[in-house]
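Structural characterization, general
The lines below spell out each chain.
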Amino acid sequence: MFDQAVAAPTIDVICDLRQAGRDVDNLAELQRIWPDLARLLVGRTAIAGQSFSITLTRGVLLLWVVRVVNAVTIDRTTTVNIIDVIRNPAMLYTCIHCGLYGPFRCEQSTDRETPERLCGRCTHFIKDELKAYCRNHLPRCRCQPGCRETASFRCTRCRRIYGTHAHRAYPHEALADLCQSCHLYLFEPCADCLFGTPKTGKSRCIFKLRTDARACDRPLCIAHSLQWRVWGPHYRGLTLCQAHHRALMQTGALDLLHMILTAPALELGRGRVRRVPRPFSLRRVVNRHLQKPYSFEELHRIIVSLKPEVAQWGRRAGDNYQELINRFNQALTENGQAEARLLPQIKAWYERRLGRRAAEQIQTVKVIDCFFRPDSPPHYKLRAELPAQVNRWQFIQTGGRIIEQLGRDLNITLEIVAGGGQVGRGEPLAGWSPSRRPPNNGTG
Amino acid sequence: MQPKLNQLVLNGASRHRLRKGFILFKDQPEPLNPAFQPEVAGSSEAMAANCNRFFADQADLRGFRLEVNSRYPALLELITPLLPVYDGATRSAFMQQLAKATGHLLRQAYLSGYRVVAAGVNPYASESTGRSPILCADIHEVEVYDSDELERIYNLYRQFLPELLAVSANAAIYGDKLQPDRSLRMKLNPASFLPRYIDQFSIEHLDRLERMLRKAHGLADLKKMDVNPLGGESLALGQRERPLLEADTATIELRFLDAQSCLPFIRAQIVLLQAIAVYGRTLARRGNRIFPIDDSILDENKAAAIRSGTAALLKPDPKFNRADTRQRHGSWFHHQGVWETASNSLLEIIGGPCLTALQDLDCSVAEIWPLVLGAELRRRGHRAFTNYAEYQVYVYYTSGRHTYPRLQEQIERMLADPMLDPATAYNQQTFPAPAREIERAWQNKLSRQRGWIQAWEKGHGMVCTADQNVYPFSRHHVEGRASLPAETAVTFALVEHDGQCQAQAIRADIRVQRSGWITHYEPGCLYGLILTIDNETFNFLRADLVADRLPSIGEEVAFEIYEVDGPRSWAKQVRRLLPIRLLGRVRQYDQDTGQGYIVQPDGWQIPVQQADLADGDCLVEGQWVTFEMNHREFERRAVRVRARQEKQDHV
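Criteria and thresholds
Residues numbered from 1 in each chain as written. Chains lettered and ligands numbered in written order. Predicted model: local features only at pLDDT ≥ 70, side-chain atom pairs only at ≥ 80, totals over all residues. Heavy atoms only, no water. Helix = DSSP H or I, 4+ residues; strand = E, 2+ residues; numbered from the N terminus. Buried < 20%, exposed > 50% of the residue type's maximum accessible area, 1.4 Å probe, protein only. Areas by Shrake-Rupley, 256 points an atom, 1.4 Å probe, with all protein chains shown as cover. Lys, Arg positive; Asp, Glu negative; His and termini not counted. Charge placed at Lys NZ, Arg CZ, Asp CG, Glu CD. Salt bridge = Lys/Arg side-chain N within 4 Å of Asp/Glu carboxyl O. Domains from an automatic or database assignment. Contact = heavy atoms within 4.5 Å. Buried area = accessible area lost by both parts, 1.4 Å probe. Polar contact = N/O pair within 3.5 Å; in protein donor to acceptor, adjacent residues only side chain to side chain. Pairing = 2+ DSSP bridges. Axes fitted to C-alpha atoms, helices over the stretch in contact; angles between N-to-C directions. Phe/Tyr/Trp six-rings, centres within 6.5 Å; stacked < 30°, edge-to-face > 60°. Lys NZ or Arg CZ within 6 Å of the ring centre and 35° of its normal. Expected span 1.5 Å × (residues − 1). Parallel < 35°, antiparallel > 145°, perpendicular 65-115°, else oblique.

Within chain B one finds 18 helices and 28 strands. Taken along its principal axes, the extent of the C-alpha atoms in chain B is 90 × 60 × 55 Å. Every one of the 651 residues in chain B was classed for burial, and the buried ones make up 59%. Carbon and sulfur atoms make up 48% of the accessible area of chain B, which totals about 27200 Å². For chain B, the distance from the average site of its 77 positive side-chain charges to the average site of its 80 negative ones is 4 Å.

It is worth spelling out the pattern of salt bridges at this point. Residues and elements named next belong to chain B. In total, this model carries 53 salt bridges over all chains according to the counting rule given. The closest approach of N and O atoms between aspartate 295 and arginine 196, which form a salt bridge, is 3.0 Å. Remark: arginine 196 occurs in the loop between helix 5 (184-188) and helix 6 (206-217) and aspartate 295 occurs in helix 8 (residues 295-308); sequence separation between them is 99 residues. Across the pair lysine 315 and glutamate 300 runs a salt bridge whose closest N-O atoms are separated by 3.4 Å. Of the two residues, lysine 315 is situated in the loop between strand 12 (313-314) and helix 9 (318-323) and glutamate 300 in helix 8; the sequence distance between them amounts to 15 residues. Because the salt bridges share partners, they merge into one network encompassing Arg17, Arg19, Glu77, Glu141, Asp248 and Glu253.

What the domain assignment lists for chain A is domain 1 (10-86), domain 2 (104-187), domain 3 (203-248) and domain 4 (338-430). Taking the mean C-alpha position of each, domain 3 of chain A and domain 4 of chain A sit 38 Å from one another.

Opposite the 67 residues of chain A that make contact, chain B presents 81 residues. Carbon and sulfur atoms make up 57% of the area that chain A and chain B hide from each other, which totals about 6900 Å². Joining chain A to chain B, the criterion identifies 3 salt bridges. A salt bridge links aspartate 84 of chain A to arginine 285 of chain B; the nearest nitrogen and oxygen atoms lie 2.9 Å apart. For the interface between chain A and chain B, the tally reads 21 residue pairs in polar contact (both at pLDDT 80 or more). Sorting the residues of the side of chain A that touches chain B by element identifies strand 1 (10-16), helix 1 (27-41), strand 2 (51-55), strand 3 (60-69) and strand 4 (79-86) of chain A as the ones contributing at least two each.

Here we have 5 strands laid out as an open sheet, ordered 2(A)-3(A)-1(A)-4(A)-1(B), and mixed in their pairing. Each edge of the open sheet carries a strand with a single partner, namely strand 2 of chain A together with strand 1 (4-8) of chain B. The mean inter-strand angle of the sheet, taken between neighbouring strand axes irrespective of direction, is 30°. Judged from the 5 bridges that link them, strand 2 of chain A and strand 3 of chain A form a sheet pairing that is antiparallel. Note on strand 3 of chain A: the bridge partner recorded for serine 51 of chain A is tryptophan 64 of chain A. In the packing of helix 1 of chain A onto the sheet, contacts are made with strand 2, strand 3 and strand 4 of chain A together with strand 1 of chain B, and the angle to strand 1 of chain B comes to roughly 140°.

Residues and elements named next belong to chain B. Counted by the stated rule, this structure contains 25 aromatic pairs over all chains. Ring centres of phenylalanine 385 and tyrosine 391 lie 5.4 Å apart, and the angle between their planes is 85°; this geometry places the pair in the edge-to-face category. Judged on exposure class, the residue phenylalanine 385 and its partner tyrosine 391 are both buried. Of note, lysine 20 hangs over the ring of phenylalanine 22, and the distance from its end group to the ring centre comes to 5.1 Å.

This part takes up the environment of valine 470 of chain B. Residue and element names in this part refer to chain B. Mapped onto the elements, valine 470 comes out in strand 16 (residues 470-474). Counting along the chain gives 32 residues from valine 470 to glutamine 502, while the straight-line C-alpha distance between them is 9.2 Å. Residues contacting valine 470, with those up to four places away along its chain left out, are Gln454, Met462, Val463 and Cys464.

For the rest of this paragraph, the subject is the side chain of arginine 115 of chain B. Residues and elements named next belong to chain B. Position of arginine 115 relative to the elements: it lies in strand 6 (residues 114-117). Within polar-contact distance, the side chain of arginine 115 engages the side chain of glutamate 412 at 2.6 Å. Ignoring anything within four residues of it in the chain, the contact list for arginine 115 reads Ile23, Leu24, Phe25, Asp27, Tyr404, Gln408 and Glu412.

Another aspect to go through is helix 8 of chain B. All names here are of chain B. Taking 1.5 Å of rise per residue, the 14 residues of helix 8 would be expected to cover 20 Å, and the 20 Å separating its terminal C-alpha atoms lies within 8% of that figure. Of the residues making up helix 8, those classed as buried are Asp295, Ile297, Leu298, Asn301, Lys302, Ala304, Ala305 and Ile306. Of the residues one or two after helix 8, glycine 309 is the one with positive phi, at around 65°.

This brings us to the packing of helix 5 (residues 279-288) of chain A against helix 8 (residues 315-354) of chain A. Residues and elements named next belong to chain A. The contact between helix 5 and helix 8 brings their axes to 9 Å, and the two run at 105°. As far as their axial angle goes, helix 8 and helix 5 are roughly perpendicular. Along its contact with helix 5, which presents Pro279, Phe280 and Leu282, the element helix 8 presents Leu324, Arg327, Phe328, Ala331 and Asn335.

What follows concerns the pairing of strand 19 (residues 365-371) of chain A. Residues and elements named next belong to chain A. Burial analysis of strand 19 places 6 of its 7 residues in the buried class, the great majority of the element. Judged from the 6 bridges that link them, strand 19 and strand 20 (residues 379-385) form a sheet pairing that is antiparallel. Note that in strand 20 the partner of lysine 366 across the bridge is arginine 383.

All names here are of chain A. As summarised here, the arrangement of the 3 strands in space is 19-20-21, forming an open sheet in which the pairing is mixed. A strand with exactly one partner marks an edge of an open sheet, and here the two such strands are strand 19 and strand 21 (412-417). Across the sheet, the mean angle from the axis of one strand to that of its neighbour is 20°, orientation sign disregarded. Relative to strand 21, strand 20 runs parallel, the two being bridged by 6 bridges.

The next subject is the side chain of aspartate 255 of chain A. All names here are of chain A. With respect to the helices and strands, aspartate 255 occurs in helix 4 (residues 253-262). Here the side chain of aspartate 255 touches arginine 210 through a polar contact of 3.0 Å, landing on its backbone nitrogen. Apart from residues lying up to four places away in sequence, aspartate 255 is in contact with Lys208, Leu209 and Arg210.

Below is the structure:
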């Protein structure tokens, strides 16, 4: 059924032309050189597994003997079967540098029609990427503007390309590569862990005065990073080290505002970042750490005075500043409207409870704070100043019975200030403090 | 007269290694799965040692070895050396050796009280043990010569994986019960991963490839893919000028084929796998690449092939049709964009891209009969066997649902007999008329047609055969970049595409080439005379001279024998013989006598005389020279010897 071995003297050979320097890719051409090639074989001994080497002027032609049937010495009666011709592949594309097969195209090549072709050896690759670069367009390391080293990898975190000198291995993950700064950012030990093995300092202190070139940037672990709750108690705030958290009390309002406006953006997910605090919240945050609290108008003046410096803080800080100014302006307008709206209501309420004479003692009210909570109207804190000779007790009464009733009815908190400068139940005028938050406890 | 060039194949087969799997089990009326029985380990080790001694003693089985799986002692692996399979004779020798080795293994198992089965899983193993079955594969390894062809061949095997898997499924019964899948082994195999497309393979950048595959697909080890590109001594690919025909070299490993019992079926698998490799090699040498099939579609098709075998409906890749516009073989279902059964798709592969390779492999119909007969009958609507999983199902239903011992008897007969193929025999006996028709059709397909170029211009041409049939062809179906002028004798493969026959793989016909010297010729004459070294004379006509200038008397020429008519023989295609210029070094030279020897780097010595020096200078020992060989005299010697200055620096 199947073929039987032939008995005639036969040798089966593989013709290896890879180093022969001849470009033979068809039968006719190989047949053409065969008569002279075959005569060189006469007299040689054929052993299976060995080769005949014919050294040509441009290279070596090898004939590998695969099988020998009844032929030890090749003579004129021997039949030769060439069972394969191993040759170099056809050169569809040639490397512009070395002339070898060039399947790659330089990424930076400007000529799209005839791009520069490159072979595997003349091509520069970024690790784990298939983008090829030629010698003329080697990508540069981005570690600093002047670095001349050729980039060799892409940082897994910041996605920029860097040279080998900036490479840092990702711990326990062979497939990730980090640049020096990202490695420091992710894995620098906490500076405040003084005992035992320091933990990884995932957070960094953002404390920075206006005169400083850089922030403190001290790496801090979770245990040693303290939060400056700028956006309320339930939200992550700005990270500070212990020393700078204490120093907030001695820091001026301008520096506090500067820190808030230039702090790293807090990610909320899906590309959103947390906006600057509302004006009233900001005032509370600033006043919390100051001996002498600022009024709303004073704080507005301070913010306006920062305008010449903002241009140096960067684009994001500038945007934050502009948003803050807009919000302040809006808040000032709304305050005036609220005062105009609430004064008649307060007077009417007191008129119903205490009579017309008492109600006429309240000439003006002033918004001193405002609290916001979701799905509710804003809760204003107002101050009403009485003439010096008027006893404010009748507007408050024992235990604040009347004034609290007023607050519940009109959804406000009212402070009655006597002409001498005393407020409420005789306490000194002070900024708002958490212990005195109104019942609705707005988050600001 | 020089040695005769009988056969010339531009893109041939490489060597092949088979790691054939067997499962050993205890010969009992209701055999249990013995993989976990402690006594099996000792028996199989002793059996392997005995077989290896036998293989070493037999001259024709040298290099064969039997190995016992370290984890499952009942799993044996018969490993052949890398053997040539480029023609029918070598493949017959391969199968005879395999049958001899397998027969000895069967005898040894029988003497030890064991039996041997070759299938994806042991069909008779008891399911009551609650353990997962032993998985048994035939791992084929195909030798590769360089990284370029490795990339193409690997991608081709990946592309044809569902069809090859479907036709090789042989694990439909387990625990004496019919399983829902045709290849239970591939379904349960924990080390089977889809081969990913490799667009650029280089052994020097292997670490980069491994990182990218790990990052993109979470694939930790390339060797666990169903097609392992790093089989054998894969690092050998990185060595320049490494010798061929080494005992171990780089291979591509096919890990997805179930173990087979039928040796003719294994032979057909070898032929098909080698034909795919030859096709990939041809693409690599032409500089062509392979368009990738989408991973998800390939995975779906693979799952369908595991479940349904050759009856699986394969899903086309829509991108394949649009992007691969230059693909020659547009009748494959991916090109057509239609769903197709695995058996029909396999026929398209064999009759399409692999056809020329099969012709180059000197493949007869008998060799691929186990693959094509069942698929062709199935295509014509007959219920025929297309793989041995279906044959297992047949035995299951016809033996009262107790496959042991009937199936086992058949398996052992098949393993010992290199000619026995019961599935194909059943197909042939059940459908004799269609089988004869199919055989004739495939004989026509597998034989190369002879003809001559009738016309060829602007990239298209016509081939005419002796019976005056004319077939069209296009430029990219001509092998190599040589131009074939009109009237050139050619051979070609006849391929039917969209109902029209086309000539493909066109190549110049091999003619007997002779060489000699012109003894008589005058420019004014219409003919001349050539004398060969055997003192034969040939006449030639002036019109048969192929030369840029007219030859002179005494000039060496090559020619083809045109016609032998009584005492007068005619030569045609007479052209000047362009001698190959060789390089060598002067080993010895006596300036007084003017005689010496030139030696080539491999030690071959050629005498030289002063009269043959082209420049007339004396030679110096150790000097590098270029020369031509003179075959005219009784003793060969170097002529037209010239010194080569630049090479001398390296001495």
